[in-house]
Amino acid sequence: MASFFIDRPIFAWVVAIFIMLAGVLTIPMLPIAQYPNVAPPQITVSTNYPGASPDDIYQGVTRPIEEELNGVPGLIYFESTSESSGRVSINVTFAPGTNIGEAQVEVQNRIARAEPRLPGAVTSQGVRVEQAGTSFLMVVSLTSTDGNTDVIGLGDYLNRNVLGEIRRVPGVGSAQLFATQRSMRIWMDPDKMVGLKLTASDVTAAISAQNAQVAAGRIGATPNPIGQQISATINVQGQLTNPEAFGAIVLRANPDGSSVRLRDVARIEVGGESYNFSSRLNGKPSAAIGVQLSPTANALDTAKGVRAVMTELQQYFPSGIEYEIPYDTSPFVEVSIEKVIHTLIEAMILVFVVMYVFLQNIRYTLIPTLVVPVALLGTCAVMYVSGFSINVLTMFAMVLAIGILVDDAI
């Protein structure tokens, strides 16, 4: 084989040029991550069932979804977690080589079959189906420098104004909020409820009936009487917006004209939607978002995109709120790539010097010097075709390959 290319130098140059072009074209398309994606592809199904026990969550939410997931093409196994906080998480693992996009669509179709059997509290919040890596790429945190904004306020601002922007960054597979947003909290007094012969179901039914968005219609709409020249839309107060309005909800109207209202048996306030998360940064209360990389994303580009979005949003932050990124794995990947480039340059210089000193021939010196970039660019093309990513292990393999090339050339 060696003599074949030695006798045909022009053909060898053409092959080398094609190899280098293939490498140059595929390098920008190679995904970059900290570690190789050796685990089978996974889909995460998550939702919430507030106030339910783990057994009720499993019987009412987790089990119907699991029954529908059986038979999904490429499915190996799935594992579910029903937490006391009301959170449901199902990790669906597929066989290696399964198209993760097609698998996600199939899982969504199976969940659509199970939705009619799920409780209303679950379907109203929705069931999320996401594809993401198992580890976090970075963590974005909001803190209050002047102490005027509490943890719930930070979490509410993060959820309403930052979380959606981060999820839209190319390469972000999932963004998990480690905080809570504001919500109307109703703390019922059991002693008062027993004395008035009321149950939690009575309170829930009254809130659902008197806190509803309704379409009131129009006055003077067609078909209208002859001579009716104007029409107007009717605006009614449907959903309640403050604790006073919720406190005025009527739980029972007695025959003597008296009534029992929600404020008589409960304390109503605007608090946190959930108190299951607590995050601190340098000892200060904070609200955080954990960003996970999608399986085929570029870690460096995704991290730069998240930082760019946070820099853009920072100018709209309320006074006294600032963001920090306390955890970011992309610098490790960047340093690995930088070290490989340094090793490549050092190897090429070493090959050139050693070969020229001992051979005293510029032609014999250039040939092994050019072998190093040709081999590495060809390796990048093969990595792209094989589905590998640029990570710390493949970078380490390239460093070893450069050493072998240098030794063989010398």
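Residues numbered from 1 in each chain as written. Predicted model: local features only at pLDDT ≥ 70, side-chain atom pairs only at ≥ 80, totals over all residues. Heavy atoms only, no water.

In terms of regular secondary structure, the protein is built from 14 helices and 15 strands. Relative to a compact globule of 410 residues, whose C-alpha radius of gyration would be 22 Å, the protein shows 31 Å and is clearly more extended. Along the first, second and third principal axes, the C-alpha atoms of the protein reach 115 × 60 × 50 Å. For the protein, the residues scored as buried account for 36% of the 410 residues in total. Of the contacts made within the protein by residues no fewer than 6 positions apart, 74% connect residues no fewer than 24 positions apart. Accessible surface computed for the protein: about 23700 Å², of which carbon and sulfur atoms make up 58%. In the protein, 25 side chains carry a positive charge and 34 a negative one; their mean positions are 6 Å apart. (Helix = DSSP H or I, 4+ residues; strand = E, 2+ residues; numbered from the N terminus. Rg over C-alpha atoms; globule rule 2.2 N^0.38 Å. Buried < 20%, exposed > 50% of the residue type's maximum accessible area, 1.4 Å probe, protein only. Contact = heavy atoms within 4.5 Å. Areas by Shrake-Rupley, 256 points an atom, 1.4 Å probe, with all protein chains shown as cover. Lys, Arg positive; Asp, Glu negative; His and termini not counted. Charge placed at Lys NZ, Arg CZ, Asp CG, Glu CD.)

Moving on, we come to helix α8 (residues 200-210). Looking only at α8, the buried set comprises V203, A206 and I207. Around the axis of α8, the buried residues are gathered within 100° of arc, so they sit on the same side. Those residues of α8 that are exposed and aimed more than 90 degrees away from the buried face are S201 and A209. Next to the buried residues of α8 lie β7 (182-188), α7 (190-195), α9 (243-247), β10 (250-253) and α10 (262-265). (Arc of directions from axis to C-beta.)

Moving on, we get to helix α11 (residues 299-314). Taking 1.5 Å per residue as the helical rise, α11 with its 16 residues ought to reach 22 Å, and the 22 Å between its terminal C-alpha atoms agrees with that figure. What α11 keeps buried is the set A299, L300, T302, A303, G305, V306, V309, M310 and L313. Where α11 is buried, its residues touch β5 (136-144), α6 (151-167), β6 (172-178), β14 (284-293), β15 (321-328) and α12 (330-359). Between a side-chain oxygen at the N-terminus of α11 and the backbone nitrogen of L300 the separation is 3.0 Å; the capping residue is N298. (Expected span 1.5 Å × (residues − 1). Polar contact = N/O pair within 3.5 Å; in protein donor to acceptor, adjacent residues only side chain to side chain.)

On to the environment of V353, then. Mapped onto the elements of the fold, V353 is located in helix α12. When its relative accessible area of 42% is taken as the criterion, V353 is described as partly exposed. Distance in space between the C-alpha atoms of V353 and T369 is 9.7 Å, their sequence separation being 16 residues.

With that settled, consider the sheet that holds strand β3 (residues 87-94). The sheet built from 4 strands is open, its strands ordered β2-β3-β1-β4 with antiparallel pairing. The outermost strands of the open sheet, each flanked by one partner alone, are β2 (75-82) and β4 (128-130). Sheet twist, expressed as the average angle between the axes of neighbouring strands with direction ignored, equals 15°. Packed on one face of the sheet, helix α3 (residues 54-69) meets β1 (42-48), β2 and β3 and runs near 165° to β2. Contacts from helix α4 (residues 100-114) reach β1, β3 and β4 within the one sheet, and its direction differs from that of β1 by about 35°. (Pairing = 2+ DSSP bridges. Axes fitted to C-alpha atoms, helices over the stretch in contact; angles between N-to-C directions.)

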